[in-house]
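# What the coordinates show
Here are the chains, one letter per residue:
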Amino acid sequence: MIRGVDIIFGLCWGDEGKGKISAAFSKNYDYVCRWNGGPNAGHTVYLGNKKYKTHLIPSGIFYGKKSIIGPNCVINIDKFFDEIDYLKSEGFDTSLIKVSPKAHLITERHIQYDLKYLKPKLGTTGQGIAPAYADKMLRIGKLAKDYLDKKYIWDGSLEGDVLCEGAQSFWLDINFGDYPYVTSSETLPYSACSLGFSPKYIREIIGVAKIYDTKSGVDPLFPEALWNNSDLEEIIQLGQEYGSTTGRKRLVNWLRLDKLLQAINKSGVSRLIINKCDVLKTIGKYKVIIEDRIVNFETFADMKKNIEKYIYDNTYGECSEIIFSGDKQNI
Ligand code: IMP
């Protein structure tokens, strides 16, 4: 029987450091599950001083927890086995990794279509994500159950405490994001129920943001003018804002607080974690954008106080805690 479900997901455009947070939480759960996307995601996890990178397999694997890839995910079988081999060689118990029989496969044809038609126009990760979901909708997709050995197939059971980890984040959601500059799946917490539990089990919704905004790929909301801003360039270098799947330099802007607020309210966040505060502290510039207006603060303490006030004054009371976190520190 399920005791409760907690959900960790990103409130921005991805790359908020969700991997680090869900890895830190994972040890307290029985199951850790992915509900959307595929190898377009990239999670960086630190255990002690060692850095690990995964693209598909949930971070529960680092703590010996059952790690589930749900029916609304798309998988590239070669990359799935590469990741299994990598985790095995690092000493993790990969028998805990299970894939929903209804997850869809990404084929070479999907990747070629993405690279030829979508990546140049939309700045996709080129992993074949959209064409795989398109085939799913057209009812011509290939199901994991027909291509994976039985030992990898999930029987659908969930028990005890369940952690769901989102990929790609709020503003990349196919319904809420800035279409067509979005991904092909549902990134909001409601969509975690596609794993097969009822919404009544959801206890906490933990939203992860970053103290500045970044986006991988094309988006008119990140105008080209941002490229020549030396403060933002410094953020890119200090924050190492390069895509973990593509290696591309990310577009950077000051935190658009009004957009963060919308994401918090639409997804029902109960706890908010704002990452990478130490990057701004190092460069000593403290700014946010509210309705296209840049607001400057003298100190980080001042910035923090104003962000807290803006969020607590404008949310409906569900968000009861805001944590400002540094980069690599564990919380
Ligand atoms: P796709 O998911 O590869 O189709 O890419 C669609 C958009 O989502 C592009 O702007 C990608 O850069 C972005 N995207 C997809 N996955 C991630 C991610 O895990 N982090 C950040 N951006 C992502």
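This text follows the structure it describes.
Presented here is a report on the structure given in the accompanying data block.

What counts and how
Residues numbered from 1 in each chain as written. Predicted model: local features only at pLDDT ≥ 70, side-chain atom pairs only at ≥ 80, totals over all residues. Heavy atoms only, no water. Helix = DSSP H or I, 4+ residues; strand = E, 2+ residues; numbered from the N terminus. Buried < 20%, exposed > 50% of the residue type's maximum accessible area, 1.4 Å probe, protein only. Contact = heavy atoms within 4.5 Å. Pairing = 2+ DSSP bridges. Axes fitted to C-alpha atoms, helices over the stretch in contact; angles between N-to-C directions. Near = heavy atom within 4 Å. Polar contact = N/O pair within 3.5 Å; in protein donor to acceptor, adjacent residues only side chain to side chain. Areas by Shrake-Rupley, 256 points an atom, 1.4 Å probe, with all protein chains shown as cover. Nonpolar A, V, L, I, M, F, W, Y, C, P; charged D, E, K, R; others polar. Phe/Tyr/Trp six-rings, centres within 6.5 Å; stacked < 30°, edge-to-face > 60°.

### Details of the side chain of Asp231
- The topology assignment puts Asp231 in helix H5 (residues 230–239).
- On the accessibility criterion, Asp231 (13% relative accessible area) is buried.
- The contacts of Asp231, once residues within four sequence positions are left out, are Trp254, Ile283, Lys285 and Lys287.

### Focus on the sheet that holds strand E15 (residues 293–297)
- Spatially, E11-E12-E14-E15 is the arrangement adopted by the four strands of the open sheet, whose pairing is mixed. Where the open sheet ends on each side, the last strands, each with one partner, are strand E11 (212–215) and E15. Averaged over all neighbouring strand pairs, the angle between strand axes comes to 50°, with direction disregarded.
- Contacts from helix H6 (residues 257–267) reach strand E12 (251–256) and strand E14 (286–290), with the element oriented near 75° to E12.
- Packing against the sheet, helix H8 (residues 300–314) makes contact with E12, E14 and E15, and its axis sits at approximately 25° to E14.

### Overview of the site of the ligand
- In the vicinity of the ligand lie 14 residues, with Asn40, Thr125, Gln168, Thr183 and Ser216 positioned nearest.
- Asn40 is positioned with one of its side-chain polar atoms (N or O) 2.9 Å from an oxygen atom of the ligand.
- One nitrogen or oxygen atom from the side chain of Thr125 is found 2.6 Å from an oxygen atom belonging to the ligand.
- In the complex, the protein chains occlude 96% of the 470 Å² of accessible area that the ligand would expose alone.
- A per-class count over the shell around the ligand returns four nonpolar, seven polar and three charged.

### A few points about the packing of aromatic side chains
- Taken as a whole and assessed by the stated rule, the structure comprises 12 aromatic pairs.
- Each ring, one from Phe170 and one from Trp171, has its centre 4.8 Å from the other, and the planes form 70°; the classification is edge-to-face. Each member of the pair, Phe170 as well as Trp171, carries the same accessibility label: buried.
- Ring geometry for Phe170 versus Phe176: centroids 5.5 Å apart, planes at 40°, classification tilted.

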